[in-house]
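Architecture at a glance
The lines below spell out each chain.
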Amino acid sequence: MSRTRRTDEGHGRLGSVLSGVAVALGCVLFLGGFVWGAVLYQPYTVPTGSMTPTIGSGDRVLAQRVDGDDVRRGDVVVFKQSTWGDLPMVKRVVGVGGDKIACCEDGKLTVNGKEVAEPYLPDGQGASATGIPTTTVPKGRLFLLGDERSGSLDSSVHLGDGDHGSVPRDAVQARVDAVAWPMGKFGMLERPDGFADMPGGISEPGPLRMVLTAVVVGMVLVLGGAAYGPVAKRLGRRRETSRTRAVTGAG
C-alpha cells in the first residue's frame, strides 16, 4: 500500500511539473505568435470586387508589411496612390520597371512579349476588357491590374494619367498572404506560376503559416496542461476508491 501510494504521488508530482511546463510553453507560443503576427501583418478589408474571385468585396485579408523593393510580379499588394483615390487599394502586380505590357493577342496578357497564364481570372473572362496598348513600365514603378478586369479601376484605366498608369514601388504598404474572413474562404493566396520564369521570379510566401502554427500549438498546450490537474485528481480519486473497496472486500 505505502509503495503504491508513494509511486502514485511521484507520478502525480511529475505530471504536475510537466503540466506546468506545457502551460508555460503554450503561453510563450500563443502570445509570441500573436505578437509576431501583429508585428509582421496588417489586416485590411477589401472595399470592392475588383479582385474577384481571388478576393471578394468585404473580405478581410492579412497582408505582410513589406518594402516596395521586395514586390515581385504576381503579388497581390495593398497600396495607396493619391491620383487613384484616398483609400488603400488591393491589386495584382503584373509588371515591374522596364517591362513591356500589352493585351490582348489570343485573349492573353503579354509581358515582354511572353503570354502569361492567369488562372486567377474569373471563368470565361479575358485578360482585359478594353485592351492595353504596348506600354513600358517606368523604372522603380509597378503596373497593377485587378483580377476582375471588366470592373477594375487599375493601371489599364489610368494609362493617360502619366507614368503609363503605373504606381511607385514605395506606394506599396503590404503584400497579401491570405484571406482571413469569411471563414468559408480562409486560405493562403497562391503565387502564380505564370511569372516564375521571368527575371526576379516570384516572391516566397511570408511566415504566416508558422505564425498560425505557433498560435494553435500554444493554445493546445495551454488547454491540455490546464486540464491535467482536474483529470489527474478525478483519476486519483477513482483509484483510491477502487483500492479501498479491494481492501474492504479482502478483509
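Let us look at the structure shown here. Once a new chain begins, its residue numbering starts again from 1 and follows that chain's sequence as written. Reporting of local features is limited, given that this is a predicted model, to residues whose pLDDT is at least 70; pairs of side-chain atoms are given and counted only at 80 or more, and all residues count toward the totals for whole chains, interfaces and linings. In computing side-chain properties, one takes all heavy atoms of the structure into account and sets aside hydrogens as well as water.

Some remarks on the overall build of the chain
Only DSSP runs of H or I reaching four residues or more are called helices, and only runs of E reaching two or more are called strands; each is numbered from the N terminus. Secondary structure summary: the chain contains two helices and 12 strands in total. Traced from its N-terminal end to its C-terminal end, the chain shows the element sequence α-β-β-β-β-β-β-β-β-β-β-β-β-α. With a 1.4 Å probe rolled over the protein chains alone, any residue whose accessible area is under 20% of its type maximum counts as buried; one over 50% counts as exposed, and the rest are partly exposed. Burial analysis of the chain (251 residues in total) assigns 40% to the buried set. Any pair of residues with heavy atoms lying within 4.5 Å of one another is described as a contacting pair. Contacts in the chain between residues far apart in sequence, at least 24 positions, make up 66% of those at least 6 positions apart. Taken as a whole, the chain presents about 13700 Å² of accessible surface, with 59% of it coming from carbon and sulfur. Only the protein chains shown count as cover for residues, and the accessible areas themselves come from Shrake-Rupley with a 1.4 Å probe.

Observations concerning the layout of surface pockets
One number sums up the size of the largest pocket: a volume of about 300 Å³. Space inside and on the surface of the protein is sampled on a 1 Å grid over the protein atoms alone, with a cavity defined as a set of points where a 1.4 Å probe fits but cannot get out and a pocket as an open set with protein on both sides within 12 Å along at least 5 of 7 lines; lining residues have an atom within 4 Å of a point. Lining the largest pocket are 14 residues, with Phe34, Leu62, Leu208, Val211 and Leu212 sitting closest to its centre. Residue classes follow a fixed rule: Ala, Val, Leu, Ile, Met, Phe, Trp, Tyr, Cys and Pro count as nonpolar, while Asp, Glu, Lys and Arg count as charged, and any other residue, Gly among them, counts as polar. Of the residues in the lining of the largest pocket, the class split is 11 nonpolar, three polar and no charged. Grid points are joined across faces, edges and corners, and a volume is the space filled by probe spheres set on the points. Taken as a whole, the second largest pocket spans an internal volume of roughly 260 Å³. Lining the second largest pocket are 16 residues; nearest its centre among them are Thr54, Arg92, Tyr120, Leu189 and Glu190. When the residues that make up the lining of the second largest pocket are grouped by side-chain class, the tally is eight nonpolar, two polar and six charged.

Some remarks on the side chain of Arg169
Considering the arrangement of structural elements, one finds Arg169 in the loop between β10 (167–168) and β11 (172–181). Note that His is not counted, nor are the chain ends; the positive residues are Lys and Arg, and the negative ones are Asp and Glu. When a carboxyl oxygen of Asp or Glu is within 4 Å of a side-chain nitrogen of Lys or Arg, the pair counts as a salt bridge. Nearest to the buried, unbridged Arg169 among oppositely charged side chains is Asp69, at 4.6 Å. We define a polar contact as two N or O atoms separated by no more than 3.5 Å, with the added condition that, inside protein, one atom must be a possible hydrogen donor and the other a possible acceptor, whereas residues neighbouring each other in sequence contribute only through side-chain atom pairs. Within the structure, the side chain of Arg169 is placed 3.1 Å from the backbone oxygen of Val71, a separation counted as a polar contact. Residue contacts for Arg169: discarding those within four places in its chain leaves Gly68, Asp69, Val71, Val96, Gly140, Arg141 and Leu142.

Some thoughts on the state of the cysteines
A pair of cysteine sulfur atoms is labelled a disulfide when the two atoms are within 2.5 Å. Counted under the stated rule, the structure contains one disulfide. Note on cysteine connectivity: Cys103 is disulfide-linked to Cys104, with sulfurs 1.5 Å apart. Sign of the S-S torsion, about 70 degrees for the bond between Cys103 and Cys104, identifies this disulfide as right-handed. We classify Cys103 as buried; its relative accessible area is 9%.

Comments concerning a negative patch on the surface
Negative charge collects at one region of the surface, where Asp67, Asp69, Asp70 and Asp170 lie side by side. Tracing the backbone shows Asp69 in the loop between β2 (60–65) and β3 (76–79). Like-charged residues within 9 Å of one another, or nonpolar side chains (Val, Leu, Ile, Met, Phe, Trp, Tyr) within 5 Å, are grouped into patches, provided each residue has over 30% relative accessible area and no salt bridge. For the purpose of locating charges, the reference atoms are NZ of Lys, CZ of Arg, CG of Asp and CD of Glu.

A short note on the pairing of strand β5 (residues 100–105)
A pair of strands is treated as paired once DSSP finds two or more bridges between them. Bridge analysis of β5 against strand β8 (residues 132–136) gives three bridges, and the strand direction is antiparallel. Directly across from Ile101, in β8, lies its bridge partner Thr135. Bridge count between β5 and strand β6 (residues 108–111): three bridges; the pairing is antiparallel. Bridge assignment links Ala102 to a residue of β6, and that residue is Thr110. Once β5 ends, the chain turns through two residues before running back antiparallel as β6, passing Asp106 with a positive phi of about 60 degrees.

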